[in-house]
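A look at the structure
Residue strings, one per chain:
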Amino acid sequence: MKVQVKKGKIEQVKDQAIILSHFEEQKKLTGRVKAIDDRLSGMISHLLKTKDFVGRLNQTAIIYPQGKLPTPRIILVGLGKREEFDVPGQADVCLDKLRQAFGAACRRAKELRVKSFSTMVFPADLKGIDPGKSSQAMVEGMLLSDFQMDQYKTIKQDQSLEGFTIMEEDTEKIKAIEKGAILGEVFAQATNFARDLANHPGNILTPTRLSLEAKKLAQENNLRCKILSLPEIKRLKMNSFLAVASGSKQPPKLIILEYRPTTPRSKRKKYDTLVLVGKGITFDAGGLSLKPTDLMLEMKGDMTGGAVVMSAIAASAKLKLPLNLIGIIPAAENLPSGSALKIGDIITSHSKKTIEILNTDAEGRLILADAISYAKVFKPDAILDIATLTSAIKIALGTICAGVFGNHEKLKTKMIQAGQKTGERIWELPLWEDYQELIKSDLADIKNVGGKPAGAIIAARFLQNFVGDYPWVHVDIAGVDFLEKERPYIPKGATGFGARLLLQFLRDWDEV
Ligand code: BES
Ligand code: ZN
Ligand code: ZN
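These lines cover the structure that appears in this document, whether it is placed above or below.

Concerning the sheet that holds strand S12 (residues 346-348)
The mixed open sheet is built from 3 strands, whose spatial order is S12-S13-S17. On the outer flanks of this sheet lie S12 and strand S17 (446-447), each paired with one strand and no other. Inspection of the sheet shows S12 paired to strand S13 (residues 354-356) by 3 bridges, in the antiparallel sense. Counterpart to Ile346 in the pairing with S13 is Glu356.

See the structure below:
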């Protein structure tokens with residue numbers, strides 16, 4: 001999809017539609033909207049008087065200029081109350097409103113089979129929100145809501161957009177708007193890439209296929225990519241990861257993606273190195289602790305953590321971030337079979353710690369334990385992991401935000417801030433020593449489950465045992481990775497939650 005920024009007045013474009021926004025109950029029209037209303041002999045004012053459209057957040061309405069403008073239709077979209085945009089310190093909330101409103105407007109354009117449209121950076125006259133950030137949020141909203149997955153349909157609904165243009169008259173603002181638009185594209189593409197992977201069914205997106213996707217991504221973005229297969233994983237003694245994979249005929253893959261900045265930094269100061277670990281279970285049936293059928297569909301997306309790690313690293317390369325990044329994605333299927341991991345089995349993990357398995361459906365922590373332990377060979381400045389780890393996090397926080405845990409205050413704060421900036425919000429839960437008591441095993445060093453209460457914390461606490469003293473932060477996205485019902489810029493199905501969060505975190509990185 002083509003995104004352009006052009007100099008000029010929006011009312012002069014001949015596109016199939018133009019999108020204009022409006023604050024709720026704003027009495028007087030201003031700027032370009034006023035100019036357009038005058039040309040339309042008051043059609044917009046008239047619509048507002050009827051109260052059929054008041055400008056509630058994400059509300060849309062169509063106006064037909066009937067030849068009074070070169071465009072055949074105007075899509076009006078509501079931004080909600082203007083006062084809420086003027087609250088100091090709420091810029092991130094406002095930017096998410098822009099993301100939503102332009103997501104909703106873009107969806108309306110697609111319903112009308114519009115192929116290309118023009119819009120402008122709104123609101124033009126707000127203090128505290130710069131045009132670059134507005135442009136990024138708008139572009140993100142539109143590209144994110146444009147995502148569709150129709151490759152498995154033999155008859156396609158022709159709703160695909162060809163592109164859109166942001167019009168701006170002020171030459172001084174154009175540069176910032178262009179920069180914002182490019183960032184918006186990179187951020188949205190990262191999310192859409194992860195959504196695409198997570199929507200693929202398990203029979204297509206196997207661990208091998210996921211590793212091939214990583215290779216392709218690496219080629220396109222100049223990343224190094226190593227795929228370790230069964231013999232190499234065995235040589236590394238990643239027995240906890242192997243135990244999970246043992247129930248499936250599909251061989252496991254350990255995907256390692258590396259991005260290094262091309263310009264060497266001064267000798268005295270090296271680039272910081274971060275390892276990003278993502279859960280890559282391409283289908284989680286639960287193993288012998290089999291899940292009920294209705295909970296299984298979502299489990300084709302149990303590799304969302306891995307997918308968002310892949311896309312955040314590729315996007316970091318696109319933005320040439322000054323950081324060394326290593327992505328580690330253990331990819332496997334969790335299936336029941338005669339060779340599957342059993343209840344009561346004891347495994348010696350990569351870290352040499354022994355684990356007693358009391359539930360084979362708690363497999364995410366098993367593969368992450370080995371990946372986190374292996375991450376230390378890179379001597380990173382920090383380890384981040386992201387995973388669809390526990391249904392308990394969904395019970396605690398719903399589908400509105402993800403859970404964050406960690407052993408390092410600054411890292412956690414930075415991650416929470418990245419969540420506010422991107423609209424991918426996260427909420428902290430505790431990891432006190434007391435929880436360790438619950439995963440003490442009678443026979444081994446540790447057991448992989450610790451009862452129903454505090455399930456998300458127990459899983460995080462389990463992981464902490466493999467982290468040691470490294471600064472570490474863990475994000476549990478099991479509540480937010482998949483939606484039953486669409487939101488303004490999130491279609492139904494895989495959300496790709498975490499790609500923009502990680503990318504923002506990496507952009508804002510300034511040593512721990
Ligand atoms: N992949 C699931 C977690 C999950 C649940 C992701 C819902 C997305 C939506 C994970 O492997 C799992 O099955 N966890 C168990 C752990 C339990 C057995 C301790 C769970 O949360 O039920
Ligand atoms: Zn599971
Ligand atoms: Zn799982």
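After that view, the rundown keeps rolling.
A short note on the site of ligand 1
Around ligand 1, a shell composed of 16 residues is seen, among which Asp284, Lys291, Asp361, Glu363 and Ser391 lie nearest. A distance of 2.7 Å is found between an oxygen atom of ligand 1 and a side-chain nitrogen or oxygen belonging to Lys291. One nitrogen or oxygen atom from the main chain of Thr388 is found 3.4 Å from a nitrogen atom belonging to ligand 1. Coverage of ligand 1 by the protein chains reaches 84% of its 510 Å² of free accessible surface.

Describing the coordination of the zinc ion (ligand 3)
The coordination sphere of the zinc ion (ligand 3), as far as protein atoms go, consists of Lys279 (NZ), Asp284 (OD), Asp302 (OD) and Glu363 (OE), spread over 2.0 to 2.4 Å. Considering all 6 donor atoms around the zinc ion (ligand 3), the spread of angles at the metal, 77 to 172 degrees, places the coordination shape in the octahedral class. Along the chain, the residues that donate to the zinc ion (ligand 3) are spaced as K-x4-D-x17-D-x60-E.

Focus: empty space enclosed by the protein
Taken as a whole and judged by the stated rule, the model has 3 cavities of 30 Å³ or more. Its boundaries defined by the atoms lining it, the largest cavity holds a volume of some 60 Å³. As for the largest cavity, its lining consists of Lys410, Leu411, Lys414, Phe505, Asp508, Trp509, Asp510, Glu511 and Val512. No other element matches the 3 residues that helix H12 (residues 409-422) contributes to the lining of the largest cavity. When grouped by side-chain class, the residues that make up the lining of the largest cavity number 4 nonpolar, no polar and 5 charged.

Here we look at unusual backbone geometry
Within the chain, Glu25 stands out as a residue other than glycine whose phi angle is a positive 55 degrees. The class of Glu25 is partly exposed, set by a relative accessible area of 48%.

Notes on the nonpolar core
Counting 58 residues, the largest nonpolar core has Leu20, Ile36, Ile44, Ile74, Leu76, Phe102 and Phe117 as its most contacted members. Core analysis: the next-biggest nonpolar cluster, separate from the first, contains 56 residues, Ile227, Val309, Ala494 and Leu502 among them.

Focus on the coordination of the zinc ion (ligand 2)
The protein atoms that coordinate the zinc ion (ligand 2) are Asp284 (OD), Asp361 (O), Asp361 (OD) and Glu363 (OE), at distances spanning 2.0 to 2.2 Å. Around the zinc ion (ligand 2), the 6 donor atoms sit at angles spanning 71 to 167 degrees, and that spread fits a shape best called irregular. Here the donor residues for the zinc ion (ligand 2) map to a single chain with the spacing D-x76-D-x1-E. The zinc ion (ligand 3) is placed at 3.3 Å from the zinc ion (ligand 2), the two being bridged by Asp284. Of the residues examined, Glu363 reaches a relative accessible area of 0% and is grouped as buried.

Focus on the sheet that holds strand S1 (residues 2-7)
In space, the 6 strands of this open sheet follow the order S1-S6-S5-S2-S4-S3, with mixed pairing throughout. The open sheet is flanked by S1 and strand S3 (60-63), the only strands paired with a single partner. The mean angle between the axes of side-by-side strands here comes to 25 degrees, regardless of whether they run parallel or antiparallel. Summarising the sheet, S1 and strand S6 (residues 163-168) pair through 6 bridges and their orientation is parallel.

Quick word on the environment of Pro430
In this fold, Pro430 is placed in the loop between strand S16 (426-428) and S17. For Pro430, a relative accessible area of 25% translates into the label partly exposed. Sequence separation between Pro430 and Gly31 is 399 residues; the distance between their C-alpha atoms is 50 Å. Ignoring any residue separated from it by four or fewer positions in sequence, one finds Pro430 in contact with Phe405, Tyr435 and Ile457.

Quick look at the environment of Glu25
By the secondary structure assignment, Glu25 is in the loop between strand S2 (17-22) and helix H1 (31-39). Taking the C-alpha atoms as reference points, Glu25 and Leu48, separated by 23 residues in sequence, lie 8.4 Å from one another. Residues contacting Glu25, with those up to four places away along its chain left out, are Val54 and Lys81.

Some details on the pattern of salt bridges
As enumerated under the stated definition, the model contains 28 salt bridges in all. Between Lys81 and Glu24 there is a salt bridge, with the nearest N and O atoms lying 3.9 Å from each other. Placement of the pair is Lys81 in the loop between strand S4 (74-78) and helix H3 (91-111) and Glu24 in the loop between S2 and H1, with a sequence separation of 57 residues. In this structure Glu24 comes out as buried when scored by relative accessible area, which is 16%. Note that Lys110 and Asp146 form a salt bridge whose closest N and O atoms lie 2.6 Å from each other. Of the two residues, Lys110 is situated in helix H3 and Asp146 in helix H4 (residues 131-146); the sequence distance between them amounts to 36 residues. Take Lys110 and Asp146: they sit in the same class, and that class is buried.

About the criteria used
- Residues numbered from 1 in each chain as written.
- Chains lettered and ligands numbered in written order.
- Predicted model: local features only at pLDDT ≥ 70, side-chain atom pairs only at ≥ 80, totals over all residues.
- Heavy atoms only, no water.
- Pairing = 2+ DSSP bridges.
- Helix = DSSP H or I, 4+ residues; strand = E, 2+ residues; numbered from the N terminus.
- Near = heavy atom within 4 Å.
- Polar contact = N/O pair within 3.5 Å; in protein donor to acceptor, adjacent residues only side chain to side chain.
- Areas by Shrake-Rupley, 256 points an atom, 1.4 Å probe, with all protein chains shown as cover.
- Donors = N, O, S within 2.8 Å, 3.2 Å for Na, K, Ca; no water.
- Tetrahedral: all angles 85-135°; square planar, octahedral: opposite > 155°, others 65-115°.
- 1 Å grid on protein atoms, 1.4 Å probe; cavity = no way out; pocket = protein on both sides within 12 Å on 5 of 7 lines; lining within 4 Å.
- Points joined across faces, edges and corners; volume = space filled by probe spheres on them.
- Nonpolar A, V, L, I, M, F, W, Y, C, P; charged D, E, K, R; others polar.
- Buried < 20%, exposed > 50% of the residue type's maximum accessible area, 1.4 Å probe, protein only.
- Core = buried A, V, L, I, M, F, W, Y, C linked by side-chain atoms within 4.5 Å.
- Axes fitted to C-alpha atoms, helices over the stretch in contact; angles between N-to-C directions.
- Contact = heavy atoms within 4.5 Å.
- Salt bridge = Lys/Arg side-chain N within 4 Å of Asp/Glu carboxyl O.

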